[in-house]
Amino acid sequence: SAALTFGLMIYILVCATLTTSLGPTLALKGSDGSSMRTAVEGMKDERRVMFWAFVFGTTGFMVTVLCLVWIVIDEVVLALVCSGVLVACFVGLTWSTRRILRRFEAPESSAMARAGVISGEEFVRKSQVVE
């Protein structure tokens, strides 16, 4: 459990670093107008995978610490208190995660759903007509 948790957290760190570095680079320096859409959709797909890896990694970490509490602590009352604190922390973390996800949830009818999205060339052409 500890090795899997560590592996998931390293995976998230590497993926987040690469995604936040390479996604904007593709969006800004891509060869055509569709690079922005490709970058944003790729980052959105990677975010979903990283989120679930984070959920499993965090849960695995809590389970590992809970097991260690019962292995290391000899007194049952103290182990129960520590377990209660860990469970309370996990519940608080879960509640906060759900609150933040609801707060920043984007509707599927947004521009990312490809409804009303125009290419870079079309945007430039339309902006030149206005001037």
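Rules and cut-offs
Residues numbered from 1 in each chain as written. Predicted model: local features only at pLDDT ≥ 70, side-chain atom pairs only at ≥ 80, totals over all residues. Heavy atoms only, no water. Helix = DSSP H or I, 4+ residues; strand = E, 2+ residues; numbered from the N terminus. Expected span 1.5 Å × (residues − 1). Buried < 20%, exposed > 50% of the residue type's maximum accessible area, 1.4 Å probe, protein only. Contact = heavy atoms within 4.5 Å. Phe/Tyr/Trp six-rings, centres within 6.5 Å; stacked < 30°, edge-to-face > 60°. Axes fitted to C-alpha atoms, helices over the stretch in contact; angles between N-to-C directions. Parallel < 35°, antiparallel > 145°, perpendicular 65-115°, else oblique. Left-handed = near helix turned anticlockwise from the far one by under 90°. Nonpolar A, V, L, I, M, F, W, Y, C, P; charged D, E, K, R; others polar.

Trainee: Can you walk me through helix H3 (residues 76-103) in this structure?
Mentor: Residues separated by three or four positions in an α-helix point in the same direction, a consequence of the helix having 3.6 residues per turn. Across its 28 residues, H3 extends 40 Å between first and last C-alpha, which sits within 8% of the 40 Å expected from 1.5 Å per residue. Buried residues of H3: Ala 79, Ser 83 and Leu 86, and no others. Considering only its buried residues, H3 is in contact with helix H2 (35-72).

Trainee: Can you help me understand the packing of aromatic side chains in this one?
Mentor: Centre distance and the angle of the planes are the two values used to describe a pair of aromatic rings. What the rule picks out here adds up to 2 aromatic pairs. When the centroid spacing of 5.3 Å and the interplanar angle of 75° are considered together, the rings of Phe 51 and Trp 52 count as edge-to-face. On the basis of relative accessible area, Phe 51 is assigned to the partly exposed category, the value being 26%. Assessed through its relative accessible area of 46%, Trp 52 is described here as partly exposed. Between Trp 52 and Phe 56 the ring centres are 6.2 Å apart and the planes differ by 40°, which places this aromatic pair in the tilted class. Placement of both Trp 52 and Phe 56 in helix H2 is noted, with a separation of 4 residues, approximately one turn of the helix. Of the residues examined, Phe 56 reaches a relative accessible area of 53% and is grouped as exposed.

Trainee: How do you make sense of the packing of helix H1 (residues 2-29) against H2 when you look at a structure like this?
Mentor: Packed helix pairs are characterised by how far apart their axes lie and by the angle those axes make with each other. Between H1 and H2, whose axes approach to 8 Å, the crossing angle comes to 165°. On the basis of the axis angle, H1 is roughly antiparallel to H2. Relative to H2, the crossing made by H1 is left-handed. Here the residues of the contact of H1 with H2 are counted per class, giving 19 nonpolar, 9 polar and 1 charged.

Trainee: Just to check I follow, could you spell out the packing of H2 against H3 for this structure?
Mentor: As a packed pair, H2 and H3 sit with axes 9 Å apart at the nearest point and diverge in direction by 170°. Considering the angle they form, H2 stands roughly antiparallel to H3. Contact residues: Phe 51, Thr 58, Thr 59, Met 62, Val 65, Leu 66, Val 69 and Trp 70 in H2; Val 76, Ala 79, Leu 80, Cys 82, Ser 83, Leu 86, Cys 89, Phe 90, Leu 93, Thr 97 and Leu 101 in H3. Residues belonging to the contact of H2 with H3 are distributed by class as follows: 15 nonpolar, 4 polar and no charged.

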